[in-house]
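Take a look at the letters that make up each chain.
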Amino acid sequence: MRVAFIVIIALHGVIHLFGFLKAFDLSEFNAISQPISRPMGLLWLITFVLFVVTAFLLAIKLHYWQFTGLAGIVLSQFLILNNWYDAKFGTIINLVILAAIILAFSSFNFKNKVKREVEKIFTDSKANSQALLSEEMLEGFPLIVQKWLRNTGSIGKPMVYYVYLGQDLQMRLKPEQEKWTNAQANQYFSIDPPAFNWSVDLQMNPLLPVVGRDKFEKGEGEMTIKLWSLFSIVNTKKEDKINQASLQRYLAEMVWFPSFAVSPYLKWEAIDNSSAKATMEYKGTIGSGIFHFDERGDFKKFVAMRYKDSKDSIPTEWTVSAIKTEERNGIRIPVSSKAEWKLAHVNWTWLKLEITDIKYNVTEMPLVLD
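### What to know about the overall build of the chain
Scanning the chain from N- to C-terminus turns up seven helices and 13 strands. Here the C-alpha coordinates of the chain stretch approximately 90 × 50 × 35 Å along the principal axes. In the chain, which comprises 370 residues, the proportion classed as buried is 49%. Considering only intrachain contacts with a sequence separation of at least 6, the fraction spanning at least 24 residues in the chain is 54%. Accessible surface computed for the chain: about 19,000 Å², of which carbon and sulfur atoms make up 58%. Placing the 41 positive and 37 negative side-chain charges of the chain at their respective mean positions leaves the two points 3 Å apart.

Right, here's the structure in full:
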């Protein structure tokens, strides 16, 4: 679809070139019955150049295409109005290009907003690159938690203070949905203070692109979902249930940065030989869940009573399970997992996740802004 749109812009530009050629008697242009003066012919030429440059910039993914495209539309529409009888249908193409520019600009603004939020998370982070996770730090923790931390290979390695994750997702937005929706996401974590920012592009329909951003910062959760990056479908924030649900998500996802287990924001309670309950409190928001591990000490699943949204009167059982565990950057973590809600009549597996990239404590975190 992107290639087709580039071709449309280029062809629209070429049509304007014929107006220039007619003005200078270099070619016949019967589509315009009126004579074209040479000064007007130069405007036709400039419009041609603007659209061709727009197509080129779009092809190489430079955001400046929006500005050259808008300038081309203004000039093109001026020329169309001066030759309305012959050229009025060119307005349709201009409107199509204008709509695409508006959507592209909205998408850029959305991603730029996420970029600024992520930069703030890292600016506020209290990173100490010299601190190592030691055996002494594990004293007093449930034995299964100690076993898990040793098994991950985190002992003797630098404490993790910030994280980047690239993710490939499959999602089912409703329990009755049969076909999975593909998506790509980028997630950033700060450990002290605890915060995350998760942005996603859903490939629901080429004509109906949906983006979302979920974040937890200063003990508060916030979720935004937008159609065409422009119209809000979901916009929830600063609600107690959302705050708690976001904190519980952060708690579950610490399996990607295990050294957070010794954070002072956490309290652990042994359940049995293979599970332990973790309770996290930050800025007045409290959440908990139970971590289950296998015989080796690999993370198996996290179970919590969690609100699906702010309209829920009671929380629902929410489970995150590891599907595959591997070593990444020297730390053994789940690289494939799934999440599900236990509803009254069905277990709704709504998310499958594959980690495509993970980075710890790097100076320059990859801030994705396509």
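### Observations concerning the pairing of strand β9 (residues 285-293)
Alternating residues of β9 divide into Thr 285, Gly 287, Gly 289, Phe 291 and Phe 293, all buried, and Ile 286, Ser 288, Ile 290 and His 292, none buried. Connecting the antiparallel pair strand β8 (residues 275-282) and β9 is a turn made up of two residues, with Lys 283 showing a positive phi of about 55°. Pairing geometry for β9 and strand β10 (residues 299-306), over four bridges, is antiparallel. Each bridged residue has a counterpart across the sheet, and for Ile 290 the counterpart in β10 is Val 303.

### A short note on the packing of aromatic side chains
Scanning all chains against the criterion turns up 23 aromatic pairs. Measuring from ring centre to ring centre gives 6.1 Å for Phe 189 and Phe 196, while their planes differ by 55°; the resulting arrangement is tilted. On the basis of relative accessibility, which here comes to 0%, the residue Phe 189 falls in the buried class. Look at Phe 196 and you get buried, because its relative accessible area is 0%. Taking 5.2 Å as the distance between ring centres and 80° as the angle between the ring planes, the aromatic pair formed by Tyr 265 and Tyr 282 counts as edge-to-face.

### Brief notes about the nonpolar core
In this structure, Trp 256, Phe 257, Trp 268 and Phe 291 are the most contacted members of the largest nonpolar core, which totals 72 residues. Leave out the neighbours within four places in its chain, and Trp 256 touches Leu 165, Gln 167, Gln 187, Phe 189, Ile 333, Pro 334, Ser 337, Leu 353, Ile 355, Ile 358 and Tyr 360. Core analysis: the second largest hydrophobic core is formed by 13 residues, Leu 58, Trp 65, Ile 73 and Ala 100 among them.

### Quick word on the pattern of salt bridges
Enumeration over the complete set of coordinates arrives at 15 salt bridges. Close ionic contact of Glu 253 with Arg 249 constitutes a salt bridge, the shortest N to O distance being 2.9 Å. Here Arg 249 falls in the buried class, since its relative accessible area comes to 10%. Close ionic contact of Glu 326 with Lys 324 constitutes a salt bridge, the shortest N to O distance being 3.8 Å. Residue Glu 326 is classed as partly exposed on the basis of its relative accessible area of 28%. Residues joined in a network through salt bridges with shared partners are Glu 117, Lys 120, Asp 124, Arg 213, Lys 215, Glu 217 and Glu 222.

### Comments concerning the pairing of strand β1 (residues 162-171)
Side chains on a regular strand alternate between the two faces of the sheet. For β1, the buried fraction is high: eight of the ten residues fall into the buried class. Bridge analysis of β1 against strand β2 (residues 181-190) gives ten bridges, and the strand direction is antiparallel. For Leu 165, the partnering residue across the bridge sits in β2 and is Gln 187. Of the pairings in the sheet, the one linking β1 to strand β13 (residues 347-360) comprises nine bridges and is antiparallel in character.

### Quick notes on empty space enclosed by the protein
Following the criterion strictly, the structure yields three cavities of 30 Å³ or more and no others. Each pocket or cavity is described by its volume, and for the largest cavity that value is around 50 Å³. Lining the largest cavity, in full, are Leu 133, Ser 154, Lys 157, Pro 158, Met 159, Val 160, Phe 257, Pro 258, Ser 259, Ile 331 and Tyr 360. When its residues are assigned to classes, the lining of the largest cavity shows eight nonpolar, two polar and one charged.

### Some thoughts on the side chain of Thr 349
Summarising the element assignment, Thr 349 is placed in strand β13. Overall, Thr 349 belongs to the buried group, its relative accessible area being 14%.

How each quantity is defined
- Residues numbered from 1 in each chain as written.
- Predicted model: local features only at pLDDT ≥ 70, side-chain atom pairs only at ≥ 80, totals over all residues.
- Heavy atoms only, no water.
- Helix = DSSP H or I, 4+ residues; strand = E, 2+ residues; numbered from the N terminus.
- Buried < 20%, exposed > 50% of the residue type's maximum accessible area, 1.4 Å probe, protein only.
- Contact = heavy atoms within 4.5 Å.
- Areas by Shrake-Rupley, 256 points an atom, 1.4 Å probe, with all protein chains shown as cover.
- Lys, Arg positive; Asp, Glu negative; His and termini not counted.
- Charge placed at Lys NZ, Arg CZ, Asp CG, Glu CD.
- Pairing = 2+ DSSP bridges.
- Phe/Tyr/Trp six-rings, centres within 6.5 Å; stacked < 30°, edge-to-face > 60°.
- Core = buried A, V, L, I, M, F, W, Y, C linked by side-chain atoms within 4.5 Å.
- Salt bridge = Lys/Arg side-chain N within 4 Å of Asp/Glu carboxyl O.
- 1 Å grid on protein atoms, 1.4 Å probe; cavity = no way out; pocket = protein on both sides within 12 Å on 5 of 7 lines; lining within 4 Å.
- Points joined across faces, edges and corners; volume = space filled by probe spheres on them.
- Nonpolar A, V, L, I, M, F, W, Y, C, P; charged D, E, K, R; others polar.

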